[in-house]
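# Analysis of the macromolecular model
What follows is each chain in one-letter form.
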Number of protein chains: 2
Amino acid sequence: MRLVPMLLSAAIAASFPAVAAETAGASTPATVETRIADASMAAVAGLREAALASSLAWDITESLTTEIGPRLAGSEADARAVEWARAKFTELGFDRVWTEPVTFPKWVRRGESAAVLGPNAQPLALSALGGSPGGTVEGEVVRFADLAALEAAPAGSLAGKIAFVDYRMERARDGSGYGPGSRVRSRGPSAAVRAGAAGFIMRSVGTDSHRMPHTGITRFDAGLDPVPSAALSVPDADQLARLLARGPVRMRVALDCGWDGEYTSQNVIGEITGASRPDEFVLIGAHLDSWDLGTGAVDDGAGVGITMAAAVHIAALERRPARSIRVVAFANEEQGLIGGFAYADRHAGDVARHQIVAESDFGAGRIYGFNTGAPAHAKAAEAKIAEALAPLGIERLPGEGGPGPDLIGIARKGATWAWLGQDGTDYFDLHHTPDDTLDKIDPDALAQNAAAYAVFAYLAADAEGDFGSAPTDPAPAL
Amino acid sequence: MRLVPMLLSAAIAASFPAVAAETAGASTPATVETRIADASMAAVAGLREAALASSLAWDITESLTTEIGPRLAGSEADARAVEWARAKFTELGFDRVWTEPVTFPKWVRRGESAAVLGPNAQPLALSALGGSPGGTVEGEVVRFADLAALEAAPAGSLAGKIAFVDYRMERARDGSGYGPGSRVRSRGPSAAVRAGAAGFIMRSVGTDSHRMPHTGITRFDAGLDPVPSAALSVPDADQLARLLARGPVRMRVALDCGWDGEYTSQNVIGEITGASRPDEFVLIGAHLDSWDLGTGAVDDGAGVGITMAAAVHIAALERRPARSIRVVAFANEEQGLIGGFAYADRHAGDVARHQIVAESDFGAGRIYGFNTGAPAHAKAAEAKIAEALAPLGIERLPGEGGPGPDLIGIARKGATWAWLGQDGTDYFDLHHTPDDTLDKIDPDALAQNAAAYAVFAYLAADAEGDFGSAPTDPAPAL
């Protein structure tokens, strides 16, 4: 439980890749220009087509989301997901498969309900935010148009009341509307407590209009007494706003949830051994856990399918790349990037062995952009990779992207990141809702993702020279 | 409770208008050709434009769905909805406002849950069917591709098991996929009992792919011992089908619901008095009750808004039509057209005073088609009405349509029906789900509906001559 306040401000700020772009760029250990050989380029033409024609990424995603379903970190299904990943890596023929423990406080959800009371009595659909305490509160609802308005509420002004932040996030291909939206979730509950509120509710951070609340982790600042905190579905937030426009509204919010001890899960890792420099590797990955409401298809079963499949497509080639391909299925991303930071701590001494790192954790939309945090001596190689990605409809986009959430830790320690930017236009229709299920994934788009990861990983692993990964010394403070 | 078995087979067969088309056409009492005067046609040009420019239908629908919200027949909200309708008619300036009692067995839902058990343990989203008993059943799931397959299961073959009908309804503008879909809901539970099953589940009758189960009434044939019966959301039915493709699946279905005594609600009626034949009237209407999961916006708050607004637009004209406009907000359509049959019983002696009758109960999509069940002497008048509807994008479609569900009773007693056919392409994305909320309604489409009802009702009420309503003698048996 101690970990949570320390990690979450970073976690939430960085949970969309673009926000973390400024963490890019390690120090540059080499000045010899990195090259991609013609033989490497020749190898990926067939790899790209084979991956596009394959249903493997879909099959893996289907297996995880169907056989395990929701896999909340610390739940019984978390353990089954770890066993699933270990067995899947083995079944897919990875050369090495292992796990590394990840310990974190366990949060559990048992149920939740809410209702408008009085002459307009009716139920409202909401979900507790991860990290919320349980409890039942009844009180008058006070609406704030945005987080700043709630943060401006004087101390004590909301005594006995339920604070309601009615901020509507905006739709964008790059998910840029998620930053301001998720800040309501991360900072709103503490602001409500400071103003004396008995409870906190918010319009979901989402772009849909279904009765599907979007959950997600929140935190309470040190020294504050947490209050029940939850997100209303978008239509329910609309409904509450309409009722409030008519006059005062009293509500009951009943959450049965809370922190419950510690749990140890596992980062699950599979490696395809490189032909000539097996101790160095390209790391690709995704997170294995999901929120409990859906089956974690776009967040992040798709990423697991994409990255496992990409490595398998590479292993199937006659000509293996020089370096290894390491695929990591991270534990507990959702509650604070906990698996990612555990990986970074454990592998702090191996930073230079990470040729480059990339995580797929932004759904299953087609990849449209590519960039890396590599220094000048690897920019020609980056351009060459972009050239091999172009037939997939992918553009090189300098200045965009950043490490995926679980790679923020190792990137801060000096590993160079790559970004394969997915179209997230529809991502926040589904993100953290019951609707995050397999049927929302386009199999062709998923194959395009796997092809892009395969091409990128192969070329980076087979490059003559590095992409600048080197230990930062000293590592910058979190 | 006695009413239910008697009414439901009719109710479910007729719950989509097209299915009931064969009930059309009363006997023909007059041979003088019915005419629409030029002065009537002149009056509706301005009426049509005024209605199109008005937000009144939206405002009424917003008021009902916001202030009352879900209004399950027999619930506390049913009584509030009746008071809302009475007050709304009065506030809108109707000349006469009254209620007529409607008594029915009360069904209550308190909660429900379901889960796959064993190595693929996970929750599944479902809703009890209206009319289901409560109870918790655990057993192996046996899948049937459609109703016929379940009906062919030998007696006793499903002992201790849960029958699952995995039939997928088809999308169509006229909702024609609902017939075979709703038959699974009406007949599946009895077929499951006959085969010895301990419970019944089905793929929702719906065209969406959201985690939103579609509820709806079911029935058990006389002499059968009812079992818990529920509908899975479409993605959950997909998930269950995928799990079953892997091997046997055990499930737990826990429903807390059931019949609980009797309740008396009200049909709420408002009338705009006609200028010269006030005792005759055009009846337009919709149903006031809704299922409990959503706020009953497209089913059928929109119909209430459309028909109330149409009458108000007519009342605002300087030149009132000859006959009155009667607007009926029917009680308890959802559980067996109970308000509609109560109206028919009470007004059996007034059939000839019903100039023509039309119900809006197929959502809020634009009206594309028009037809009536009028005999030959009124076909020229029908064509004239169609001419006035044409600027709204409405086509005369002979051979299509039928009375709305609540008008089946009075149509069988001899009242002539009119059909203003709405585009239902998206209707079964929302129908009977939590997602049936105000945000799904297009205000412009709603205004087009109100304009069409106003034009139709005005011209029919102002016609020189009748549309053939006359008592059937004897009334055909239900």
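Note that the structure is predicted; figures quoted are calculated from it, not measured.

Residue and element names in this part refer to chain A. Between helix H3 (residues 56–68) and helix H13 (residues 443–461), the shortest axis-to-axis distance is 8 Å and the interhelical angle comes to 110°. Taken together, the axes of H3 and H13 lie roughly perpendicular to each other. Along its contact with H3, which presents Ala57, Trp58 and Thr61, the element H13 presents Pro443, Leu446 and Ala450. Considering only residue class, the contact of H3 with H13 consists of five nonpolar, one polar and no charged.

Note on placement: Gln239 of chain B falls in helix H7 (residues 234–246). At 2.7 Å, the side chain of Gln239 of chain B and the side chain of Arg242 of chain B are in polar contact. Excluding residues that lie within four positions of it along the chain, Gln239 of chain B makes contacts with Thr65, Thr66, Gly69 and Thr295 of chain A together with Gln122 and Leu124 of chain B.

So, about the sheet that holds strand S14 (residues 418–422) of chain A. All names here are of chain A. Ordered in space as S13-S12-S14, the three strands form an open sheet in which the pairing is mixed. Each having just a single partner strand, strand S13 (395–396) and S14 make up the two edges of the open sheet. The pairing of strand S12 (residues 367–372) with S13 spans two bridges and is parallel. The residue bridging Gly369 from the neighbouring strand is Glu395, located in S13. Docked against the sheet, helix H10 (residues 379–389) engages S12 and S13, running at close to 165° with respect to S12.

Residue and element names in this part refer to chain A. A cis geometry characterises the amide bond from Asp299 onward to Asp300, with omega recorded as 15°. Mapping Asp300 onto the fold places it in helix H8 (residues 297–315). Although it is not a glycine, Leu337 adopts a positive phi angle of roughly 55°. Mapped onto the secondary structure, Leu337 falls in the loop between strand S10 (323–330) and helix H9 (338–346).

This part is about the interface of chain A and chain B. Opposite the 33 residues of chain A that make contact, chain B presents 33 residues. Both faces considered, chain A and chain B share a buried interface measuring about 2400 Å² in area, 43% of it formed by carbon and sulfur atoms. The largest per-residue losses of area from chain A upon contact with chain B belong to Thr66, Arg211 and Arg246 of chain A, which jointly make up 23% of the total buried on that side. At the boundary of chain A and chain B, one finds 29 residue pairs in polar contact (both at pLDDT 80 or more).

Let us look at the relation of the copies chain A and chain B. Superposing chain A onto chain B requires a rotation of 180° together with a translation of 0.0 Å along the rotation axis, leaving an RMSD of 0.0 Å. With respect to symmetry, the two chain copies, as superposed, fit the operation of a two-fold axis.

Let's shift gears to the side chain of His313 of chain B. Residues and elements named next belong to chain B. Relative to the elements of secondary structure, His313 occurs in helix H8 (residues 297–315). Accessibility expressed as a relative area gives 11% for His313, which makes it buried. Apart from residues lying up to four places away in sequence, His313 is in contact with Leu47, Ala51, Ser54, Leu56 and Ala454.

A few words now on the environment of Ala454 of chain A. Residues and elements named next belong to chain A. Take Ala454: it is sitting in helix H13. On the basis of relative accessibility, which here comes to 0%, the residue Ala454 falls in the buried class. Linking Ala454 and Thr437, residues 17 residues apart in sequence, is a C-alpha distance of 25 Å. Other than its neighbours up to four places away in sequence, Ala454 contacts Leu47, Ala310, His313 and Ile314.

A few words now on helix H10 (residues 379–389) of chain B. Residues and elements named next belong to chain B. All of the buried residues in H10 are Ala381, Glu382, Ile385, Ala386, Ala388 and Leu389. Buried residues of H10 fall within an arc of 160° about the axis and therefore sit on the same side. For H10, the elements touching its buried residues are helix H2 (38–53), strand S12 (367–372), strand S13 (395–396) and helix H13 (443–461).

This part is about the sheet that holds S12 of chain B. Residues and elements named next belong to chain B. If you walk across this open sheet you meet the three strands as S13-S12-S14, and the pairing is mixed. The outermost strands of the open sheet, each flanked by one partner alone, are S13 and strand S14 (418–422). Strands in contact with H10 are S12 and S13; relative to S12, the strand with the most contacts, it is inclined by about 165°.

All told, the structure shown has 20 aromatic pairs over all chains when counted by the stated rule. Residues Phe330 of chain A and Tyr343 of chain A carry aromatic rings whose centres are separated by 6.0 Å and whose planes lie at 85° to one another, so their mutual orientation is edge-to-face. Of this pair, Phe330 of chain A sits in strand S10 while Tyr343 of chain A sits in helix H9, placing them 13 residues apart in sequence. Centre to centre, the rings of Phe104 of chain B and Tyr263 of chain B are 5.8 Å apart; their planes meet at 45°, and the pair counts as tilted. Here Phe104 of chain B is found in strand S1 (residues 96–116), whereas its partner Tyr263 of chain B is found in strand S8 (residues 250–272), with 159 residues between them in sequence. Considered together, Phe104 of chain B and Tyr263 of chain B belong to a single accessibility category, that of buried residues. One aromatic cluster is present, formed by Tyr178, Phe362, Tyr427 and Phe428 of chain A through successive ring pairs.

Residue and element names in this part refer to chain A. Structurally, chain A comprises domain 1 (5–104 + 262–462) and domain 2 (111–258). The straight-line distance from the C-alpha centre of domain 1 to that of domain 2 is 33 Å. At the interface, 25 residues of domain 1 touch 23 residues of domain 2. For the pair domain 1 and domain 2, the two sides together bury roughly 2200 Å², of which 64% comes from carbon and sulfur. The interface formed by domain 1 and domain 2 includes two salt bridges. Linking domain 1 with domain 2 are nine residue pairs in polar contact (both at pLDDT 80 or more), by the criterion used here. Of all the secondary structure elements, the ones that give two or more residues to the side of domain 1 that touches domain 2 are helix H1 (3–13) and helix H12 (427–430). When residues of the side of domain 1 that touches domain 2 are assigned to their parent elements, the largest contribution, four residues, is made by H1. Of the residues contributing to the side of domain 1 that touches domain 2, the split by class is eleven nonpolar, nine polar and five charged.

Calculation notes
Residues numbered from 1 in each chain as written. Chains lettered and ligands numbered in written order. Predicted model: local features only at pLDDT ≥ 70, side-chain atom pairs only at ≥ 80, totals over all residues. Heavy atoms only, no water. Axes fitted to C-alpha atoms, helices over the stretch in contact; angles between N-to-C directions. Helix = DSSP H or I, 4+ residues; strand = E, 2+ residues; numbered from the N terminus. Parallel < 35°, antiparallel > 145°, perpendicular 65-115°, else oblique. Contact = heavy atoms within 4.5 Å. Nonpolar A, V, L, I, M, F, W, Y, C, P; charged D, E, K, R; others polar. Polar contact = N/O pair within 3.5 Å; in protein donor to acceptor, adjacent residues only side chain to side chain. Pairing = 2+ DSSP bridges. Buried area = accessible area lost by both parts, 1.4 Å probe. Least-squares fit on C-alpha atoms with pLDDT ≥ 70 in both. Buried < 20%, exposed > 50% of the residue type's maximum accessible area, 1.4 Å probe, protein only. Arc of directions from axis to C-beta. Phe/Tyr/Trp six-rings, centres within 6.5 Å; stacked < 30°, edge-to-face > 60°. Domains from an automatic or database assignment. Salt bridge = Lys/Arg side-chain N within 4 Å of Asp/Glu carboxyl O.

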